[in-house]
Amino acid sequence: MESILQPWPWYISGPLIALTMFILIYLGKTFGMSSNLRTFCAIIGAGKKTEFFDFDWKSQKWNLTVVLGAVIGGFIAHFWLSNPVDIALNPDTVEHLSQLGFDNAGKSLLPSELYSWDAVFSIKGLSILIIGGFLVGFGTRYAGGCTSGHAITGLSSLQRPSLIAVIGFFIGGLIMVHLLFPLIF
Amino acid sequence: MKYLKFLVIGIFFGIVLVKSEAVSWYRIYEMFRFESFHMYGIIGTAVGTGIILMLLSKQFKIKNTEGSLMHVPTKERGLIRYLLGGSLFGLGWALSGACPGPMYILVGTGVFSMLIVILAAIFGTYFYGVIKDKLPH
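The residue numbers shown here count from 1 along each chain, following its written sequence. Naming scheme: in the order in which they are written, chains are lettered from A and ligands are numbered from 1. The predicted origin of the model limits local features to residues at a pLDDT of at least 70 and limits the giving and counting of side-chain atom pairs to 80 or more, whereas totals for whole chains, interfaces and linings rest on all residues. Processing note: side-chain calculations cover all non-hydrogen atoms of the structure and skip hydrogens and water entirely.

**Things to note about the domain arrangement of chain A**
Often the size quoted for an interface is simply the accessible area lost on bringing the parts together.
All names here are of chain A.
Point 1. Here the domain parsing of chain A yields domain 1 (1-82) and domain 2 (116-185).
Point 2. Each partner contributes to the interface: domain 1 provides eleven residues, whereas domain 2 provides ten residues.
Point 3. In this description, buried area is defined as the sum, over both parts, of the accessible area (probe of 1.4 Å) that is lost when the two are combined. For domain 1, the biggest contributors to the area lost against domain 2 are Met 21, Phe 31 and Ser 34; these three give 53% of the whole.
Point 4. Here, a salt bridge means any Lys or Arg side-chain nitrogen found within 4 Å of an Asp or Glu carboxyl oxygen. Here domain 1 and domain 2 share zero salt bridges between them. Reported domain spans reflect what an automatic or database domain assignment gives. Contacts are assigned to residue pairs with any non-hydrogen atoms lying within 4.5 Å of each other.

**As for the interface of chain A and chain B**
Point 1. Contacts between chain A and chain B engage 128 residues on the former and 108 residues on the latter.
Point 2. Between chain A and chain B, the buried area comes to about 10400 Å², and carbon and sulfur atoms account for 78% of it.
Point 3. When residues of chain A are sorted by the area they lose upon contact with chain B, Trp10(A), Leu109(A) and Tyr142(A) head the list and together hold 8% of the total.
Point 4. Remark: the boundary between chain A and chain B carries zero salt bridges.
Point 5. Here a polar contact is taken to be a pair of N or O atoms separated by no more than 3.5 Å, where protein atoms must pair a possible hydrogen donor with a possible acceptor and residues adjacent in sequence count only if both atoms sit in side chains. At the boundary of chain A and chain B, one finds 29 residue pairs in polar contact (both at pLDDT 80 or more).
Point 6. Secondary structure follows DSSP: runs of H or I at least 4 residues long count as helices, runs of E at least 2 residues long count as strands, and numbering of each begins at the N terminus. The greatest single-element share of the side of chain A that touches chain B, amounting to 18 residues, is contributed by helix α10 (residues 160-184) of chain A.
Point 7. Under this grouping Gly is polar, as are all residues other than the nonpolar Ala, Val, Leu, Ile, Met, Phe, Trp, Tyr, Cys and Pro and the charged Asp, Glu, Lys and Arg. Taken together, the residues that form the side of chain A that touches chain B break down as 82 nonpolar, 40 polar and six charged.

**Examining the side chain of Asn90(A)**
Point 1. By the element assignment, Asn90(A) lies in the loop between α4 (61-80) and α5 (91-100).
Point 2. A polar atom in the side chain of Asn90(A) sits 2.8 Å from the backbone nitrogen of Asp92(A).
Point 3. A polar side-chain atom of Asn90(A) sits 2.7 Å from the main-chain carbonyl oxygen of Glu35(B).
Point 4. Apart from the residues within four sequence positions on either side, Asn90(A) is in contact with Glu30(B) and Glu35(B).

**With respect to a nonpolar patch on the surface**
Point 1. A cluster of nonpolar residues, Leu163(A), Ile167(A), Ile171(A), Ile175(A), Leu179(A), Leu79(B), Ile80(B), Leu83(B) and Leu84(B), forms a patch on the protein surface that exposes about 740 Å² of accessible area.
Point 2. Elements supplying a minimum of two residues to the nonpolar patch: α10 of chain A together with α4 (80-96) of chain B.
Point 3. Of all the elements, α10(A) adds the most residues to the nonpolar patch, at five residues.
Point 4. Relative to the elements of secondary structure, Leu83(B) occurs in helix α4.
Point 5. By relative accessible area, which is 32% here, Leu83(B) ends up partly exposed. Nonpolar side chains (Val, Leu, Ile, Met, Phe, Trp, Tyr) are joined into patches within 5 Å and like charges within 9 Å, using only residues with over 30% relative accessible area and no salt bridge. Areas reported here follow the Shrake-Rupley algorithm with a probe of radius 1.4 Å; residue values treat only the protein chains shown as occluding. Each residue is placed in one exposure class: buried if its accessible area under a 1.4 Å probe, protein chains only, is under 20% of its type's maximum, exposed if it is over 50%, and partly exposed if it falls in between.

**Points about the pattern of salt bridges**
Point 1. Taken as a whole and judged by the stated rule, the model has five salt bridges over all chains.
Point 2. A salt bridge links Lys107(A) to Asp86(A), with the shortest nitrogen-to-oxygen separation between them at 3.1 Å. Of this pair, Lys107(A) sits in the loop between α5 and α6 (112-115) while Asp86(A) sits in the loop between α4 and α5; the two residues are 21 residues apart in sequence, bridging distant segments of the chain.
Point 3. On the basis of relative accessible area, Asp86(A) is assigned to the partly exposed category, the value being 41%.
Point 4. Among the ionic pairs, Arg27(B) bridges to Glu21(B), the shortest N-O distance being 2.8 Å. Each member of the pair, Arg27(B) as well as Glu21(B), carries the same accessibility label: buried.
Point 5. Linked by salt bridges that have partners in common, Glu21(B), Arg27(B) and Glu30(B) make up one network.

Written as structure tokens, this is what we have:
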């Protein structure tokens, strides 16, 4: 039990993520989290004007159920299956973050500088969350998948488009962290 | 009942991603600075295990619960959409620290401000749907 309450090492977590993918494929489905964003658009009626959202969203109820489960899983893991323990970040990372103005790196899952209500109710903080979310939603559909669909499923099935997409994920991520973060923070 | 198995899979997925710390903004930042092996280990072993599972299911002609051979949807050929779309996704991923799975999972951990990111992501997807025919693919 004690080892469950500690953070799980990468060599346990990675294979368990692959197992999630495999079970979904075994059930005749697919492992793709970002598809649900499109489904939400269809649910609120975007299909009336835009063909891309004109599909029977009820066929995606299984995936929405996975999302609901993921929320519950997040709750269970965070509140019932975790000892309060700092994330074991590289000290260099913590140092860089403190230079950017992020204190307490690793004391929680997310930085309060971005996700606390104080941050949310500032123009800058709100803009960051909205722009970040928008880019994820736009980019994932443009690229036809996200980390689950491309990086895990696509690479596992040796698909070249997914490799290109993952290279794209890294181009964007590296530009953001190395070039834009010093300008933003 | 039909959906119970999907609920259980989701719960399992949510627990794994929290316990692996892959939902942490800090871990994503550290990954893009190449200062830890952690995230590379997770993605690497996930893909490695995935490749083996997919090859085995092909080798032994394992059928899915619907009675047909297991298959993964094939991504269309292309370059621009994957490179450009992927890069835009990467920019957002590094900034918000959350990709579409962790977004939901983090709401479960009590971070309700994540709902703003989710709404913005839904709007981003909507915007793509509206202008997609004008974009190079």
